[in-house]
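This is what each chain is made of:
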Amino acid sequence: MKSEPAYCRRTQLLWGVLLIAIGAIILLDRLDVIYLHHYYALWHYWPLILVVFGLNKLLTPVSAKQVLSGLWLIFFAAWWYVSYEELWNLNFYNSWPALLIAWGVGLVLEPLLNKHFIAYRESEHEK
């Protein structure tokens, strides 16, 4: 199935805005307009980029695969952040089984979502 043109435009827009923001921040730091002496601390929040791209996939999805891909990105970003920051006493060592659970949930949800999208397409053709 081909990607929706609006989705492709949104993805291109997100990448463009992300590159502009990163480039502007680095340039302003190099020109001593802003001082990012602890810029490495910003890397704690890189999973937010995955969340944004996951939400982009969930906006007007055209297939079950797109929904599951968006949900996976959001879950992975949340898991990474929680594990890295060791929130709720979870770290990479004791929380990795959550990835297996999420994978299994995705496998269970895929046929259900496929049925939903097939029924939706059929109802659209009847109109």
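These numbers were taken from a predicted model, which means no experiment stands behind them.

So, the confidence of the model for the chain
(1) Moving on: The predicted model of the chain averages 82 in pLDDT, with 87% of residues at 70 or higher.
(2) Moving on: Per-element confidence in the chain is highest for helix 4 (residues 92–95), whose mean pLDDT is 90, and lowest for helix 5 (residues 97–126), whose mean pLDDT is 81.

Details of helix 3 (residues 64–85)
In an α-helix, one turn spans 3.6 residues, which is why side chains three or four residues apart end up on the same side.
(1) Moving on: Here helix 3 is 22 residues long and its end C-alpha atoms lie 32 Å apart, about the 32 Å a rise of 1.5 Å per residue gives.
(2) Moving on: Positive phi appears at E86, one or two residues downstream of helix 3, with a value of about 55°.

Some words on the environment of V82
(1) Moving on: Mapped onto the secondary structure, V82 falls in helix 3.
(2) Moving on: By relative accessible area, V82 is classed as buried at 14%.
(3) Moving on: Aside from chain neighbours lying at most four places away, what touches V82 is L87, W88 and L90.

Quick word on the pattern of salt bridges
(1) Moving on: Within this structure, the stated rule accounts for 1 salt bridge.
(2) Moving on: Here R30 makes a salt bridge to D29, at a shortest N to O gap of 3.6 Å.

Comments concerning the packing of helix 2 (residues 47–58) against helix 3
(1) Moving on: Put simply, helix 2 and helix 3 touch, their axes get as near as 8 Å, and they point 160° apart. Compared by their axis directions, helix 2 and helix 3 come out roughly antiparallel. As helix 2 runs across helix 3, the sense of the crossing is left-handed. Residue-level inspection shows P47, L50, V51, F53, G54, L55, K57 and L58 of helix 2 in contact with helix 3, the latter providing Q66, V67, S69, G70, L71, L73, I74, F76, A77, W80 and Y81.
(2) Moving on: Grouping the amino acids of the contact of helix 2 with helix 3 by side-chain chemistry returns 14 nonpolar, 4 polar and 1 charged.

Considerations on the side chain of D29
(1) Moving on: Position of D29 among the secondary structure elements: in helix 1 (residues 5–30).
(2) Moving on: Residue contacts for D29: discarding those within four places in its chain leaves I34, Y35 and L36.

Analysis parameters
- Residues numbered from 1 in each chain as written.
- Predicted model: local features only at pLDDT ≥ 70, side-chain atom pairs only at ≥ 80, totals over all residues.
- Heavy atoms only, no water.
- pLDDT = per-residue confidence, 0-100.
- Helix = DSSP H or I, 4+ residues; strand = E, 2+ residues; numbered from the N terminus.
- Expected span 1.5 Å × (residues − 1).
- Buried < 20%, exposed > 50% of the residue type's maximum accessible area, 1.4 Å probe, protein only.
- Contact = heavy atoms within 4.5 Å.
- Salt bridge = Lys/Arg side-chain N within 4 Å of Asp/Glu carboxyl O.
- Axes fitted to C-alpha atoms, helices over the stretch in contact; angles between N-to-C directions.
- Parallel < 35°, antiparallel > 145°, perpendicular 65-115°, else oblique.
- Left-handed = near helix turned anticlockwise from the far one by under 90°.
- Nonpolar A, V, L, I, M, F, W, Y, C, P; charged D, E, K, R; others polar.

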